[in-house]
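# Summary of the model geometry
The lines below spell out each chain.
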Amino acid sequence: MKLKIWALCSLVVSLLFLFSSVQSQDEPGEVTRTYALTNVHITTTPGTMIKNGTVVIKDGLIHSVGQDVIIPADAQVIEADTMFLYAGFIDGLSHIGIPKPKEAERKREKDPGNPTNERAGITPEKSATSLLKATDKSISDYRAVGFTAAHTVPYGRMLPGQGSVILLDGDNASDLIYKSDMSTYGQLLGSQGVFPNTIIAVITKYRELYKQSQQASSHMTKYKSNSIGMKRPAYDAATLGLISVTKRQSTLFMSAHDHLDIHRVLGLQKDLGFKMALANVKNAYRLTDLIRTKNIPVLLSLDLFKKEKEKKKKKEKKEKDMWDKEKEALNKRKAEERKSIEGQAAAFSKKGIRFGFSTDGASAKTVMDNVRRLIKAGLSEDAALAALTTYPAHILGVSQTMGTVQNGKIANLVVSKTPIFDEKSKVRYVFVDGNLHEYEEKKKDAKKKEGKVSDKNKAYVGTWEFSINIGDDVLKGEIVITESEDGTLQGEMTGAQLDSTVEIEEITIDGDELSFTADAEGDTISWKGTIDGDSMEGEVNTGPMGTFPITATRTSSPE
Amino acid sequence: MNLIIKIGILILFTNGLLAQQGGSILIKNGTVITVTNGVIENADVLVQDGKIKQIGPNLSAGSSTKVVDASGQYVMPGIIDAHSHIGIDAVNEATNPVTAEVFVGDAINPMSISVYRALAGGVTVSHAMHGSANAIGGQCETIKHRFGTWDPEEMKMKGAPRTIKFALGENPMRVHGEGRGIQPKTRMGVEMVFRSSFSEAKRYMEAQKMHQQKMSDKAYKGVPPTYNERLEVLADILRGEIIVHCHSYRADEIYMLLQVLEDFGVKKICFQHVNEGFKVAPELAAYGAGASVFADWWAYKFEVYYSTAYNATILTKNGVLTSINSDSGELIRHLFHEAAKTQRYGELSDEEALKLITINPAKQLGIDNRVGSLEVGKDGDIAIFNHHPLSVYTIPQMTIVDGVVRFDINNDNDDMRLAVDPEEEIPAFFDYQNEKHHDRCMEGVAEQLFQFSSHKH
Amino acid sequence: MNLKYIIAGLAISLLASWSMEGQQIGKNQKGSFVLQNATIHTVTKGDVNGSVLIEDGRISAVGNVTAPADAKSIDCSGLHIYPGLIDGGTTLGLSEVNSVSVTDDRNEIGDFTPHAQSLTAVNPNSVAIPVTRVNGITSVITKPTGGMFPGTASLINLVGYTPDQMYAGFKAVLLNFPSSAKRHRRDRRSVEDRKKAGEKAMKKLDDIWKKAKLHADLLSKGQKTEYNPDLDALVSVVAGDTPLMIEANKKEDILAAISWVRKNKVKAILTGCSEGFRVVDSLVVSGIPVITGPMMSMPPRSSDRYDKAYSNVGLMAKGGVKVAIRSNQNENVRNLPFEAGFAAAYGLGKEEALKAVTINPAEIFGLGDQLGSIEAGKIANIIVTDGDPFETKTQVKYIIINGWQVPTESRHTLLYDEFLERSPGLDK
C-alpha cells in the first residue's frame, strides 16, 4: 500500500519557480499587440545569428527581423539589450494541456478477456483536442522554460488517441489548437488486469486491429458505392479510428524507450507498413546505424535518468577487499552506461540523424537542464536548438509557420538574458502567438537569508523532517516552509519515495495548527499537524488509502 | 572496467555481428559423442560457416579457423531444452482461457543473463514458451542462445516450426475457474474449451473458404469474416502448421487431449511435464505423441503427488519420444545432470540418456534436421565437457552456437551482463532460496489477477 | 472344496500378492547384520577392505570381523560401504504436497515461535521419506520456516513410526537473521526501505534477546516468571546448551550475524551463507560452522559468475570454514548426494564433499561420536552402493538406519514396477 501511495506521488509535479509570470487577470490588459524587441541577438535558424538586431511582432506574427528594422509607431519597445532571442521551442510529443486522468478505482473484472475498448486502453479515435484544458498547469510550466508549442497526445495505454499541435497560450481550450488530430499515439503498454495485459498481447493486438481496420475501410468503400444487398459495416470506434493510420494519412507516433522497444515497434512497422515516428527514445545509442538506415523520425526523451548526488568522499580504505574491487568494476560499468546515454544525442547527430525532443512526463523544471546535459556530453548547441525548433516543426508539418525567427511566421519566441544553453541561463520573455509573457527573477529568499520572517509565521517556517507511519513501515521526508514576499506561506515536500519535489498548497494556519495539501498524481494528500515548538504531530489523509499518523521535527528555523 | 571483462564483452559483441552467418572452428582430439552414430574416440569436429563440415580423425582447416584442443574432453551436440521461459519479457497473458494469438517471439529479450548461464550449462537451443495459465496459451519461440547480440530477431532460430502452448489441469482451472468464475473450473471444462475453440476455428475457416469461392461471382455482395488473429492461429493448428506443446500432469487429462486432437485431426503433439505420462505410455506411443518431462520434480502440488522419477525411463522403454526439460532458469544450467538421473532411476544407457536432451527434444521441436546430434551438415552447436557429460563431476568447458564460441570457461568472468541499469546502485543480492521453484510457468499471473502492472514503463 | 471357491481363493491371493508387490513398501528388519567383503569408506579412518558387523543398532566391528552365528550375512562383494548421508537442512516430513496448505506444516503464524517443534509435526509416514532414503540419505535436519524465530529444528533418522523413534539426538533453535536483502525477484522495496526494514528487525531481535536473557537469568535464580513458552524455548540457547541455527545469506547480513553472535556469546551455526565466499576471512575468524546449500541454485547477484552457487562451499572450505551441505528441500531431499557431487566438482573436492554430508554435520551437531563415519560403537546408519554415492548412476543396494535394514523401495520404485510394462497394455 505504501508503495502505491508514493507511486501516485511521483509524477508531474508542480514547480517551485524562481520565476513567475507577471501576467495576471487582476491587472490591466495589454495596451498594444505590437512589440519591438531591440538590440537583441537573434538566432533566426540554428547556426545563424543576427547580432544586435530588432524583432517586430504585430498581430501575432513576426513582422520583421533584422538590424535595420523600422519600429512601428504603435509598438511597445522592449529593450532587450544583449539578450538572446530564439524561435519558441516545440515539444515533439507530450501531454501538455491535458490533465492527467485520475486512476479509476479498479474493480476485479468479471471477464478480463473481453473488456471494452476503453477499458483495454484501445481508443485511437480519442482526440487530444477534446481533452485540453487551458488552465492546466503544464502549459504555463513549460512556457516558462521556453516552450511555445507542443504536440500533445492523450494519456492512456496501448492506443491512447490522436495528437494535436497546440500553442501554449490561450484562455479557452479551443484557443490552444493549432492543428487538431494530426497524429496517432501508440505505446507498447498493456492494460492493467484485462486483455491486452502483457507486451505479447499488445503486439498481437496491433496486428489484429490493423488488419480489421483495413477490412473495415474496404467494406465501407464498397458499401458507399453500392449498399443494396450488402451487410452494413459495423461501427467500431477503434477500427475506424485507426483507418487514418492504415491509409498512411496519419503518422503513428510510437513510444519506444529502449532498443528492445525500438526493435519491437520496427518489427510491427515492417509487418504492417504504417507511417511511424519514434517517440520518448531514452536508450538507443546502440541503434544509431539502424535508425539512420530506416530513416524514421525520432524524438529523444528529455526524461533523463537522475543525476547522481555527489557523495561525500569517504576516506579511502587502505586495503580494498575483493568486494570493494567488484563494486568498483560494477560502478564503472554503470558510469559508462550513463555516459553513453547522455552522449546518445551527440552520437545521433554525428551520424547525421536528425531528431526532436519529447518531454515524456519529465518535469518542466528539469527539461532544459537535461538538454544542457546532452550538450555537455557532446551535442552541438545548433543541433540542440534544431531539436527544439526546426526538426519538430518539420515532422509535425508546421515548418511553414513555426520553428524559425522569420517574417510571417507565428510570433513564438523565447528571450533569455544569456545564451539559452548556458548553465545558469534564465528565460526573460516568451511570446506565444504574439502574446507576451514576462519572467522576472525573484530575489530569491532574500528575507530568508536575512533570517527575517514575520512573527506570525515564525512558528511554521523552517525545515521539518517528518515520518509517516504506514502499517509496518515508516516513510520519511522533509517539508520546507518559507515565507513569500507577500507574507504568505509557501513550501515544498520531498521524501524518500517521492521522485521529485512536490509543491504544497492551501497552507492554512490556525494557532498551533498547520495544514496543507499536496498533489500527488491527481490524488490529494492533506496534512494536519499540531506544532509544539520544534515538533509537530498529526495525521495525513491520503484519500482512498486512509489516514496515517505523522510526526515531524524542525531541523532549521528562522532566527 | 576490468580489461579482461572488456575484452570478453568485445568478443561477445563481435560474435553478435556473426550471429546469423555462423563461425568456423576445429575441435581436436575429443571423445566425440555423436548421439546418433555412436561415440568416436580421439576424433575432430570441423565446423565451417556455422555448419558441421567433417567429423573424423586428423582433420585440418584453414589457418584462419580457430582450433580448440579437446584432448581428454567430451564433445557432444549442444543441449536442447524443450521447455523454458528464459530470454523473454512476458510469460503469461492470463486474462483469458484462450490466447492463441499471443506470441512470446514478440517479447524476446536477448540481454537476459539467464541465456548466458544456460550456455554455461552446454545448452544451445531452448524452447521459450508461453506459461500455463490458459488452456490455450500463446505461441512459443525456439531460440538459439546467441548471447551477445542485442537484436531479438537474431535470437530466433529461423525456420524452426511454429509451436503453441496448451495447458491442462490445476493451472488453468485455478486462474480462470476458481479465480474468476469463468470456465474451466474442472477438467471437464478444460475439454470443453478445446472442443469449442477448435469448432469455432473450423467454422471460421469454412466461412473464409466460402467467401473465397464466391468472390469470382460478380453478383456476390458478401464480406469476408472479420479478421480474427486467435482463430487464424487455431486454424493453423488444425491445418497441421503448428506443433502443440501441452502442459499436463494427470493420466486422465493427457488421455482426454489425445481424444480431442484425434477428433480434430491434429497429429503434432508433445506433452510437457506429463508427470503421469508413464501411466498412459502405451497410448502416447500409439498416437505418436512426445513427452517432455522433469527428471524428478514431484509433490509440489496435488496433481504431481502420484509421480515417479522413473517416468522418463518408463516412457522411453515404451517407445515414447521422450525428452527432459528444465522449465527453470536454474535447472537449465545442468540439464546434462538431469538426464543422468535416468541412470539412477531406471538405468538407461548413456546413449538413451543423452538423447533425452539432444536429438529427442530436437524432434519434438521439429528441428532435428538441423540440431540434436553431431552429423555432417547440421548446425555447429556443440558442448564440450571435461568429464563424461553424465557424470556428476563434469563441468562444461565450452559451448558453441553456429560455430561461434558463446561460452568458454577460460574466458568467463564475473559480470557477463550485457545491459547495465544506469540507476541501480549495485546489482541487488537476491535470495533465490525464497523463490518457489515451480512457479515460472505461472509467472505474471498474480500481477494480472491483482491488476498490478508488470510492464516496466 | 468347490472348485469355484478354489479359483476365487486363488484370484484373491494373486490379487493380494500383486498389491503387496505393487503398492507397499516392505517391512524394516532389525537384528545383527554382517556386511561382507566390501570396500569400506570409513570417512574418518580411510578406506578399508573387509566387513562391517552391526549389533544392537550399532556398528560393533569394522574390517576383519567375526560374525556371530545368528547375524544375517549380506554379501557386499564388489560393493561399497559408506556412512549414511546427513542433510543439514530440510523440511522433510513437514509438508506432503506443498501447494495444498492443509498438508503443509512448515510455517506457523507469528514472527516469534521458537517453541514450534518440528519434531511434533514430522509425519513419519510421509511418502517423501522412503523416496529420500533410497538415495542414501539416512538422517536429516527437519526445520520449520517463516518468521524471525520460526521454531526448533530436529535431527531425525529416516526410519520409525513415531517422532521418538526417529529422533536422532540433536535440536537447534532457528533464527532468520534480520536482512536488508530483496525477498524475491519482484520485491520492489527501495534500497532505503529494505535497509530500514532490516534495522527495524535488528532492533526487534535485540529486544527479544534482552528479554530472553532476563527470563533465563530469573529462572536460574529460582524466580518465577510470567508464562512465556516462547522465551522458555530460548532458555537453553541463552545458557549455551542448545545452538542457534542462524540463517544469513547476504554478505552484510552474514557479517552482522557474526558480530551479533560474538556480542551475545551464543553457540551458533550459520546456515545459508550464499554469499559466504565474500566473507570467508570473517567466517574463519568467527569459528562458526556453516551449513550451506543447495549448490544447484542461482548466483546471488546478476553480475556474479555463473558458478558462484556451485563453488561457494568450496571457497569457504578452502579458506578454513567448517562446512556441511544441505539440500534445503522437501520432496527432493534425495538430491543431496548430487549437491555434494557438484560441490566436489566445483572446488570442494570429493573427500571434503563426503565429509560435508557425513562427519562434518555430525560434529557440528555434537554427535561426532555417534554418526557420520563407519567406526565401531557408532549408530548403524550405513548405506551400501555399487559405486561412488554422489555419482548419478550409482545404485544404492542396502540401507541400514539406526540398525534397521530398510527396504530400497519407495512410491517411485513401486510405480516403476507397476508401469514399466503396464498390464493391460493397449488392449481392453
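All values reported here derive from a predicted model rather than from experimental measurement. (Residues numbered from 1 in each chain as written. Chains lettered and ligands numbered in written order. Predicted model: local features only at pLDDT ≥ 70, side-chain atom pairs only at ≥ 80, totals over all residues. Heavy atoms only, no water.)

## Here's the deal with the state of the cysteines
All names here are of chain B. Rules: Here, a disulfide means two cysteine sulfur atoms that sit within 2.5 Å of each other. Exposure classes here rest on a 1.4 Å probe applied to the protein chains alone. A residue is buried below 20% of its type maximum, exposed above 50%, and partly exposed in between.
Enumeration over the complete set of coordinates arrives at 0 disulfides over all chains. The thiol sulfur of Cys270 is not disulfide-bonded, and the nearest other cysteine sulfur, from Cys246, lies at 9.7 Å. Given a relative accessible area of 2%, Cys270 falls into the buried group.

## Remarks on helix H5 (residues 187–214) of chain B
Residues and elements named next belong to chain B. Worth spelling out the cut-off: A helix here means a DSSP run of H or I that spans at least four residues, while a strand means a run of E at least two residues long, and both kinds are numbered starting from the N terminus. Here a helix's expected span is defined as the number of its residues, less one, multiplied by 1.5 Å. Residue contacts follow a heavy-atom distance rule, with two residues in contact if any of their heavy atoms lie within 4.5 Å.
A rise of 1.5 Å per residue sets the reference length of H5, with its 28 residues, at 40 Å; its end C-alpha atoms lie 41 Å apart and thus fit the reference within 8%. Turning to H5, its buried residues are Arg187, Gly189, Val190, Val193, Phe194, Ser197, Phe198, Ala201, Tyr204 and His211. Those residues of H5 hidden inside the fold are in contact with strand E8 (136–144), strand E9 (162–167), helix H4 (170–180), helix H6 (229–238) and helix H7 (251–264).

## A few points about the interface of chain B and chain A
What counts is decided by this rule: By definition, the buried area sums, over both parts, the 1.4 Å-probe accessible area that each loses when the two are put together. A pairing counts as a salt bridge when a side-chain nitrogen of Lys or Arg comes within 4 Å of a carboxyl oxygen of Asp or Glu. The term polar contact refers here to a pair of N or O atoms within 3.5 Å; inside protein, the definition further demands a hydrogen-donor-capable atom paired with an acceptor-capable atom, and it admits residues adjacent in sequence only when both atoms are side-chain atoms.
The partner chain A presents 60 residues to the 57 residues of chain B that form the contact. Carbon and sulfur atoms supply 53% of the area buried between chain B and chain A, which totals about 5,000 Å² over both sides. A salt bridge links A:Arg207 to B:Asp106; the nearest nitrogen and oxygen atoms lie 2.8 Å apart. Scanning the region where chain B abuts chain A turns up 21 residue pairs in polar contact (both at pLDDT 80 or more). Among the secondary structure elements, those contributing two or more residues to the side of chain B that touches chain A are H4, H6 and helix H13 (445–449) of chain B.

## Here we look at unusual backbone geometry
Cis rather than trans, the peptide bond between A:Phe195 and A:Pro196 has omega equal to -5°. Inspection of the secondary structure assignment puts A:Pro196 in the loop between strand E9 (177–186) and helix H5 (199–225). Note the cis peptide between B:Gln183 and B:Pro184, where omega equals 10°. Phi is positive for A:Asp433, which is not a glycine, with a value near 55°. Secondary-structure assignment places A:Asp433 in the loop between strand E15 (427–432) and strand E16 (435–441). A positive phi angle, near 50°, is found at B:Asn58, a position not held by glycine. By the secondary structure assignment, B:Asn58 is in the loop between strand E3 (51–56) and strand E4 (66–69). Note on B:Asn58: relative accessible area 67%, which makes it exposed.

## Section: the pattern of salt bridges
Where charged atoms from two side chains of opposite charge come close, those side chains can pair. Residues and elements named next belong to chain B. Tallied over the full model, the rule gives 64 salt bridges over all chains. Of the charged contacts, one joins Lys158 and Glu153 as a salt bridge, the two residues approaching to 3.6 Å between their closest N and O atoms. Given a relative accessible area of 43%, Lys158 falls into the partly exposed group. Exposure remark for Glu153: the relative accessible area of 37% places this residue in the partly exposed category.

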